[in-house]
2 protein chains.
Amino acid sequence: MITVAEASQIIQNNVLTLPLAEVSLSESIDRVLGEPIYADRDFPPFHRVTMDGIAIHFATFQAGKDTFLIQEVQLAGEPPKTLQSPANCLEVMTGSVLPAGTDTVIRYEDVQLTEQNGQRYAQVLIAPAGVMQSVHPQASDRQATALLIPAGVQLSPAEIAVIATVGKATVKVTAYPRVAIISTGDELVQLTEMPLPHQIRQSNSYMLQAALTQIGIKAEQFHLHDDKIALLEEVNNILHQFDVLLLSGGVSKGKADFIPEVLAALGVQKLFHEVAQRPGKPFWFGRMANGPVVFALPGNPVSTFLGYYKYVQPWLRANLGVKPLQLPQVSLATEVTFTAPLTYFLPVKLHITPHGAYEALPLKTGGSGDFAALLDADGFFELPQYKNVFSAGEQYPFINFRD
Amino acid sequence: MITVAEASQIIQNNVLTLPLAEVSLSESIDRVLGEPIYADRDFPPFHRVTMDGIAIHFATFQAGKDTFLIQEVQLAGEPPKTLQSPANCLEVMTGSVLPAGTDTVIRYEDVQLTEQNGQRYAQVLIAPAGVMQSVHPQASDRQATALLIPAGVQLSPAEIAVIATVGKATVKVTAYPRVAIISTGDELVQLTEMPLPHQIRQSNSYMLQAALTQIGIKAEQFHLHDDKIALLEEVNNILHQFDVLLLSGGVSKGKADFIPEVLAALGVQKLFHEVAQRPGKPFWFGRMANGPVVFALPGNPVSTFLGYYKYVQPWLRANLGVKPLQLPQVSLATEVTFTAPLTYFLPVKLHITPHGAYEALPLKTGGSGDFAALLDADGFFELPQYKNVFSAGEQYPFINFRD
């Protein structure tokens with residue numbers, strides 16, 4: 001039986017090479033850019049006024065002149081106007097082009113406007129600090145043709161704003177893998193059905209679908225019965241249409257646990273079966289040559305849940321080219337004893353101590369079937385194998401599922 | 001001019017009361033539940049077998065019997081079978097009902113199966129620890145009719161799984177507000193247009209739209225020209241169709257800055273105009289009596305960006321009933337001097353020190369028009385008003401926009 005670290009490594013060695021997809025900029029948030037973005041023009045593209053006020057020729061002010069005839073107004077969005085005389089100024093608005101012949105802006109707060117014989121004048125009250133005051137100079141941020149965003153960056157609103165500015169209505173991004181969620185187990189009925197006393201409704205597939213939605217992936221859901229012949233045909237069809245299969249159930253030692261056998265018969269190479277962990281030990285992982293990757297998670301809901309957050313989600317992030325999350329280390333609030341030679345994933349609730357630090361409070365649960373216990377949990381604590389007593393105050397990695 | 005803290009308080013005093021919406025469970029992830037969820041049955045609904053193995057009558061084993069005739073198999077999904085004799089056992093599968101007359105499960109790993117005269121027997125190798133071993137007892141997690149999830153909880157995959165189990169295909173959640181994004185400024189052209197030398201393409205509205213998408217809100221975008229008559233008519237129409245207006249531009253002292261005047265004329269009560277901060281000082285905020293809330297942010301892209309993350313996003317979260325985020329305190333990496341009597345929102349990049357702690361590195365930027373600088377930033381540092389020197393190692397609140 002392999003360790004948690006070995007299982008993680010094997011999984012990460014099987015990252016897919018996904019194609020690029022072209023998406024509308026409006027739908028590209030959180031995607032990973034698949035092409036570099038270059039500046040089509042200088043940033044800013046012109047000497048851009050940054051304050052509402054007046055624009056003057058600085059040398060004229062320096063030579064002793066402090067009151068200027070207001071020649072006209074330069075609004076944002078107007079073609080540049082030209083200073084007709086050094087004795088003049090223009091009123092300028094934030095976002096406008098600096099008028100030709102001017103080189104300094106003085107904001108309204110620092111001038112006094114007067115009127116005389118039908119002419120308007122501006123008197124400078126507070127001397128400008130220097131030439132180009134309140135001007136955002138052309139190309140001072142980035143120059144035309146400069147690389148703005150390299151491929152591989154995950155798009156936040158900051159990148160979206162820049163891509164809009166360079167006029168790209170669509171962008172190339174890493175495509176999402178096609179993911180099939182497959183639940184098995186004859187005790188399961190559909191959400192909309194009334195279960196008989198010995199049946200329960202499906203929940204794992206809804207959990208997986210919701211978690212995938214959070215990272216942008218729209219998965220397709222299937223429910224298959226514990227019938228080997230039917231499984232062979234149905235899983236085969238799914239293998240040919242998807243990049244990733246997330247199964248839950250049918251991987252343990254039971255008489256109706258056909259999944260490992262069915263996958264092997266269909267040519268999916270087993271890379272491991274069983275990981276030294278609780279919950280979720282019977283986890284099966286494999287891959288078809290040049291084909292889909294198959295995560296066959298145990299069907300107990302807490303096992304499926306842990307398997308998704310510990311293994312599937314980091315792997316999906318790696319496929320998409322998203323930086324791996326560094327798991328935070330959090331202090332254990334109370335002692336935990338666990339004697340089995342397994343890595344123990346313990347549901348915990350975070351709380352904040354009087355000193356402002358996070359602490360993880362272990363939750364009492366009814367085992368890997370007790371998914372109602374997860375309602376009170378914020379995530380799992382990963383307690384290492386071959387250690388039996390975990391003392392209060394010790395720090396362990398925390399896998400957050402409410403982030 | 002009011003402070004940042006006062007502005008935040010006024011904004012939070014104007015949280016909307018949003019109606020409930022009924023959404024499909026598959027689309028409910030991250031929404032805030034608007035109804036309590038109760039258990040329709042016990043959790044688990046029957047004594048549920050948790051290991052593949054055999055089920056016996058414990059007292060018989062205790063009385064000295066260690067080998068049992070295998071009577072039949074109890075599969076998951078089958079109605080419960082009955083132990084015909086205390087000398088018998090049933091093979092039971094994970095997820096199946098515990099057969100009537102049995103009370104203890106011993107996993108396959110701890111028994112030996114033998115065959116004799118066409119009969120199959122199981123010999124117990126490792127004694128069960130007690131009655132109900134490897135059984136998840138009916139109602140041990142939650143009882144039928146128990147409150148499982150109160151209204152007001154933000155739905156994570158854990159809640160989705162539980163809601164699926166109780167058979168709810170749709171859930172009531174807090175409705176999203178109807179948000180209009182309105183950019184103004186005659187220097188702006190559409191993304192798909194080729195700007196003239198004195199024009200630039202819109203970017204703020206794409207930034208805002210992307211940021212809203214990240215919290216689930218699909219906003220509508222408008223671009224309005226700096227024409228007072230047209231603004232009066234168009235803003236009036238928008239005020240009657242939306243709950244929230246996010247404007248950018250037109251709120252400063254310029255000759256074409258009509259927004260405060262237009263909003264006042266349309267009956268939007270000004271709650272403040274100008275906040276003691278850089279960037280984004282000319283921020284205007286108001287509300288119509290029993291009507292929409294209006295955030296009129298300055299149009300410089302860094303100002304719009306900061307305004308959204310500092311004010312709009314926390315307010316939207318409060319509207320939806322999502323717990324406020326606690327801003328993390330992060331250490332400043334290098335000294336910063338800032339002498340204006342304003343709260344200073346400084347773009348910073350996070351990096352990890354050799355000791356594993358986060359540190360915020362101030363970025364050199366070309367001011368509030370330099371939105372390309374945000375490509376290198378992870379967020380804003382909030383440096384308090386009336387302090388001029390911020391030393392390396394001091395901790396300040398960090399507003400993350402890449403989270």
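Residues numbered from 1 in each chain as written. Chains lettered and ligands numbered in written order. Predicted model: local features only at pLDDT ≥ 70, side-chain atom pairs only at ≥ 80, totals over all residues.

Visitor: Would you explain the relation of the copies chain B and chain A in this entry?
Guide: Copies of the same chain, two in number, are related to each other by a rotation about an axis and a translation along it. Expressed as a screw transformation, the operator carrying chain B onto chain A has a rotation angle of 180° and an axial translation of 0.0 Å, and the superposed copies differ by an RMSD of 0.0 Å. The relationship between the two copies is best expressed as a two-fold rotation axis. Interface overlap between copies is the fraction of interface residues in one copy that are interface residues in the other; for chain B against chain A it reaches 100%, indicating a shared surface. (Least-squares fit on C-alpha atoms with pLDDT ≥ 70 in both. Contact = placed C-beta atoms within 7 Å.)

Visitor: What's the story with the sheet that holds strand E6 (residues 88-92) of chain A in this structure? I'm lost.
Guide: The strands making up a sheet associate through backbone hydrogen bonding, with each pair oriented either parallel or antiparallel. Residues and elements named next belong to chain A. With mixed pairing, the six strands of this open sheet are ordered in space as E7-E4-E6-E5-E9-E8. Both outer strands of the open sheet, strand E7 (104-107) and strand E8 (111-116), are each paired with one neighbouring strand and no more. When strand polarity is set aside, the average angle formed by the axes of neighbouring strands in this sheet is 40°. In this structure, strand E5 (residues 67-74) lies alongside E6, joined through five bridges in parallel fashion. Paired with leucine 69 across the strands is asparagine 88, a residue of E6. (Pairing = 2+ DSSP bridges. Helix = DSSP H or I, 4+ residues; strand = E, 2+ residues; numbered from the N terminus. Axes fitted to C-alpha atoms, helices over the stretch in contact; angles between N-to-C directions.)

Visitor: What is the right way to look at the domain arrangement of chain A in this model?
Guide: Where interface size is quoted, it is often the accessible area lost as the parts come together. For chain A, the assigned domains are domain 1 (4-18 + 176-320), domain 2 (20-43 + 140-174), domain 3 (48-136) and domain 4 (329-400). Using only C-alpha atoms to locate each centre, domain 2 of chain A and domain 3 of chain A end up separated by 36 Å. (Domains from an automatic or database assignment.)

Visitor: I keep staring at the sheet that holds strand E5 (residues 67-74) of chain B and nothing clicks. Help me out?
Guide: All names here are of chain B. Pairing within the open sheet is mixed, and its six strands lie in the order E7-E4-E6-E5-E9-E8. Sheet topology places strand E7 (104-107) and strand E8 (111-116) at the edges, where each strand pairs with a single neighbour. With direction set aside, neighbouring strand axes in the sheet form an average angle of 40°. As paired strands, strand E4 (residues 53-56) and E7 are joined by four bridges and run antiparallel to one another. Looking across to E7, one finds that isoleucine 56 is bridged to threonine 104.

Visitor: I tried to follow the nonpolar core on my own but got confused; where do I start?
Guide: Soluble, globular proteins show a tendency: their nonpolar side chains are buried together. Formed by 219 residues in total, the largest nonpolar core has its most connected members in Ile54(A), Ile160(A), Leu246(A), Phe295(A), Ile54(B), Ile160(B) and Leu246(B). Apart from the residues lying within four places of it in its own chain, the contact partners of Leu246(A) are Val179(A), Ile181(A), Ile182(A), Leu208(A), Phe295(A) and Val312(A). (Core = buried A, V, L, I, M, F, W, Y, C linked by C-beta atoms within 7 Å. Buried ≥ 20, exposed ≤ 12 C-beta atoms within 10 Å, placed from the backbone.)

Visitor: Explanation requested: the pairing of strand E9 (residues 119-124) of chain A in the structure shown.
Guide: Two faces, one strand: in a regular strand the side chains alternate between the faces of the sheet. Residue and element names in this part refer to chain A. Summarising the sheet, E5 and E9 pair through three bridges and their orientation is antiparallel. Along E9, the bridge assignment pairs phenylalanine 68 with alanine 122. Across six bridges, E8 lies against E9 in antiparallel orientation. Following the sheet pairing, valine 111 is matched in E9 by valine 124. Counting the residues between successive antiparallel strands, the hairpin from E8 to E9 contains two residues, one of them, asparagine 117, with a positive phi of roughly 50°.

Visitor: What's the story with the interface of chain B and chain A in this structure? I'm lost.
Guide: Listed as interface residues are 80 residues of chain B and, on the opposing side, 80 residues of chain A. For the side of chain B that touches chain A, the secondary structure elements donating two or more residues are strand E11 (147-149), helix H3 (157-165), strand E15 (200-201) and helix H4 (204-214) of chain B. Residue classes in the side of chain B that touches chain A are distributed as 38 nonpolar, 27 polar and 15 charged. (Nonpolar A, V, L, I, M, F, W, Y, C, P; charged D, E, K, R; others polar.)

Visitor: Just checking my understanding: could you explain the confidence of the model for chain A for this structure?
Guide: Do not read the fine detail of predicted coordinates wherever pLDDT is low. The pLDDT averaged across chain A works out to 96; a share of 100% of its residues lies at or above 70. For this predicted complex, the interface confidence reaches an ipTM of 0.93, while the overall pTM sits at 0.94. (pLDDT = per-residue confidence, 0-100.)

Visitor: In this structure, what is going on with the environment of Pro384(B)? I would like to understand it.
Guide: Residues and elements named next belong to chain B. For proline 384, the location among the structural elements is in the loop between strand E26 (379-383) and strand E27 (389-390). A tally of 14 C-beta atoms within 10 Å means that proline 384 is categorised as partly exposed. Each C-alpha atom, one on proline 384 and one on leucine 231, is 36 Å from the other, the two residues being 153 residues apart in sequence.

Visitor: Got a minute to help me understand helix H5 (residues 228-239) of chain B in this structure?
Guide: Three- or four-residue spacings in an α-helix give side chains the same orientation, since the helix completes a turn every 3.6 residues. Across its 12 residues, H5(B) extends 16 Å between first and last C-alpha, which sits within 8% of the 16 Å expected from 1.5 Å per residue. In this structure, the buried residues of H5(B) make contact with strand E13 (179-184), strand E16 (220-224), strand E17 (244-248) and helix H6 (259-265) of chain B. (Expected span 1.5 Å × (residues − 1).)

Visitor: Whenever I open this one, the environment of Ala392(A) confuses me. Can you help?
Guide: Residues and elements named next belong to chain A. Take alanine 392: it is sitting in the loop between strand E27 (389-390) and strand E28 (395-400). By the C-beta count within 10 Å, which is 11 here, alanine 392 ends up exposed. Not counting residues up to four positions away in its chain, the partners in contact with alanine 392 are Leu332, Ala333, Thr334 and Glu335.

Visitor: Explanation requested: unusual backbone geometry in the structure shown.
Guide: Backbone phi values are negative for most residues with the exception of glycine, while trans is the configuration of most peptide bonds. Phe43(A) connects to Pro44(A) through a cis peptide bond whose omega is -15°. Unlike most non-glycine residues, Asn290(A) shows phi in positive territory, near 50°. Within the secondary structure, Asn290(A) is located in the loop between strand E20 (284-288) and strand E21 (293-297). A positive phi is found at Met132(B), a non-glycine position, where the angle reads about 70°. Following the sequence through the fold, Met132(B) ends up in the loop between strand E9 (119-124) and strand E10 (135-136).

Visitor: Can you help me understand the packing of helix H1 (residues 4-12) of chain B against helix H7 (residues 301-320) of chain B in this one?
Guide: For any two helices packed against each other, the geometry comes down to the angle between their axes and how far apart the axes lie. Residues and elements named next belong to chain B. At a closest axis distance of 10 Å, the pairing of H1 and H7 adopts a crossing angle of 30°. By the angle between their axes, H1 is roughly parallel relative to H7. Of the two elements, H1 crosses H7, and the hand of that crossing is right-handed. Between H1 and H7, the contacting residues are Ala7, Ser8, Ile11 and Gln12 on the first element and Tyr311, Trp315 and Ala318 on the second. (Parallel < 35°, antiparallel > 145°, perpendicular 65-115°, else oblique. Left-handed = near helix turned anticlockwise from the far one by under 90°.)

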